[in-house]
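Notes for the structure review
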Amino acid sequence: MPDVKHFDEAEALAVVEQLFWRRGSAATGIQDVVAATGLSRSSLYNTFGGKDDLYAAAARRYLEHRSRPMFDRLAADGRGLHAVRAFFDQLLRLRCAGEYAGWGCMMANANAENPPDAVRAVLSEHHAVLRDALAAALKVAQSNGELRSGVDVAGAAEMLTLLAYAVNLRSRSGATRAQLRSAVTAALDALAA
């Protein structure tokens, strides 16, 4: 007779996501996952696979539940440079205050480790979705005459994507909102007409 699951996979994965987000993969062992979820090793392995598979599933959940909604709003915003400023304002609020202050971004944190291939694929997707959302907002800004002449939208979107990762990493190491805001302001002012 097959083993019947007596736990909610989505709920367990949400706990695992926060564990990997806060601590990273290198500092998180399977015993930590067992302790955080209350599940047995066999339940975890049978449901999610090994640690790398579990980490990839947690990264995918982070992308789909936390990052993608924010990026989709940015891409659809339609306010050009104001939308980009609003995106960074929200990012600074999330990273410097509230329940997850000081955690950084799970994707930025994972980029700083040596992630398994399955996680690298999620990181590449995260990067592309963020870059494309910023490019969409910058194209609106360009068509509205908000960008200085000669701005390469694709290059600027890549630069701002890297800036977002830097904001996430520096917030994790204790940078203040004011410090991070000054960098964001300088980058956006350099693009503005």
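Notes on the structure in this doc start here. This structure is a prediction, so every number in the text was calculated from the model and none was measured. (Residues numbered from 1 in each chain as written. Predicted model: local features only at pLDDT ≥ 70, side-chain atom pairs only at ≥ 80, totals over all residues. Heavy atoms only, no water.)

Attention now moves to helix 1 (residues 9–23). For helix 1, built from 15 residues, the straight-helix expectation of 21 Å at 1.5 Å per residue is met to within 8% by its first-to-last C-alpha distance of 21 Å. Looking only at helix 1, the buried set comprises Ala12, Leu13, Val16, Glu17, Leu19, Phe20 and Trp21. Next to the buried residues of helix 1 lie helix 2 (30–37), helix 3 (41–48), helix 4 (51–76), helix 5 (81–96), helix 6 (106–111) and helix 8 (153–172). The distance from a side-chain oxygen at the start of helix 1 to the backbone nitrogen of Ala10 is 2.9 Å, and the residue carrying that oxygen is Asp8. (Helix = DSSP H or I, 4+ residues; strand = E, 2+ residues; numbered from the N terminus. Expected span 1.5 Å × (residues − 1). Buried < 20%, exposed > 50% of the residue type's maximum accessible area, 1.4 Å probe, protein only. Contact = heavy atoms within 4.5 Å. Polar contact = N/O pair within 3.5 Å; in protein donor to acceptor, adjacent residues only side chain to side chain.)

Glancing now at the packing of aromatic side chains. Within the structure shown, the criterion is met by 7 aromatic pairs. Pairing Tyr100 with Trp103 gives two aromatic rings, centres 5.0 Å apart and planes at 65°, and the pair type is edge-to-face. The class for Tyr100 is buried, based on a relative accessible area of 18%. Judged by relative accessible area, which is 12%, Trp103 ranks as buried. Each residue in the set Trp21, Tyr62, Tyr100 and Trp103 is aromatic and connected to the rest through ring pairs, giving one cluster. (Phe/Tyr/Trp six-rings, centres within 6.5 Å; stacked < 30°, edge-to-face > 60°.)

Before going further, it helps to examine the layout of surface pockets. Taken as a whole, the largest pocket encloses approximately 250 Å³ of empty space. Around the largest pocket, the lining comprises 17 residues; the ones closest to its centre are Tyr62, Arg66, Met70, Leu94 and Arg95. Broken down by secondary-structure element, the contributors of at least two residues to the lining of the largest pocket are helix 4, helix 5, helix 7 (117–143) and helix 8. In terms of residue count, helix 4 provides more of the lining of the largest pocket than any other element does, 5 residues in total. Tallied by class, the residues present in the lining of the largest pocket amount to 12 nonpolar, 3 polar and 2 charged. (1 Å grid on protein atoms, 1.4 Å probe; cavity = no way out; pocket = protein on both sides within 12 Å on 5 of 7 lines; lining within 4 Å. Points joined across faces, edges and corners; volume = space filled by probe spheres on them. Nonpolar A, V, L, I, M, F, W, Y, C, P; charged D, E, K, R; others polar.)

Three or more residues of helix 3 are buried, namely Ser43, Leu44, Thr47 and Phe48. Angular distribution of buried residues about the axis of helix 3 spans 100°; they occupy a single face of the element. Close packing links the buried residues of helix 3 with helix 1, helix 2 and helix 4. Positive phi appears at Gly49, one or two residues downstream of helix 3, with a value of about 95°. (Arc of directions from axis to C-beta.)

Among the secondary structure elements, Ser171 is positioned in helix 8. The class for Ser171 is buried, based on a relative accessible area of 5%. Leave out the neighbours within four places in its chain, and Ser171 touches Arg95, Cys96, Gly102, Gly104 and Leu180.

As enumerated under the stated definition, the model contains 12 salt bridges in all. Close ionic contact of Arg66 with Glu17 constitutes a salt bridge, the shortest N to O distance being 2.6 Å. Of this pair, Arg66 sits in helix 4 while Glu17 sits in helix 1, and the two are 49 residues apart along the sequence. Judged by its relative accessible area of 27%, Arg66 falls in the partly exposed class. What makes Glu17 buried here is its relative accessible area of 0%. (Salt bridge = Lys/Arg side-chain N within 4 Å of Asp/Glu carboxyl O.)

Looking now at the nonpolar core. In terms of nonpolar packing, the biggest core is built from 33 residues, with Val84, Phe87, Phe88, Leu134, Leu138 and Leu160 touching the most fellow members. Among the elements that take part in this core, helix 7 stands out by supplying 8 residues, more than any other. When residues no more than four places from it in sequence are discounted, the contact partners of Leu138 are Leu81, Val84, Leu147, Val153, Ala156, Ala157, Leu160 and Leu191. (Core = buried A, V, L, I, M, F, W, Y, C linked by side-chain atoms within 4.5 Å.)

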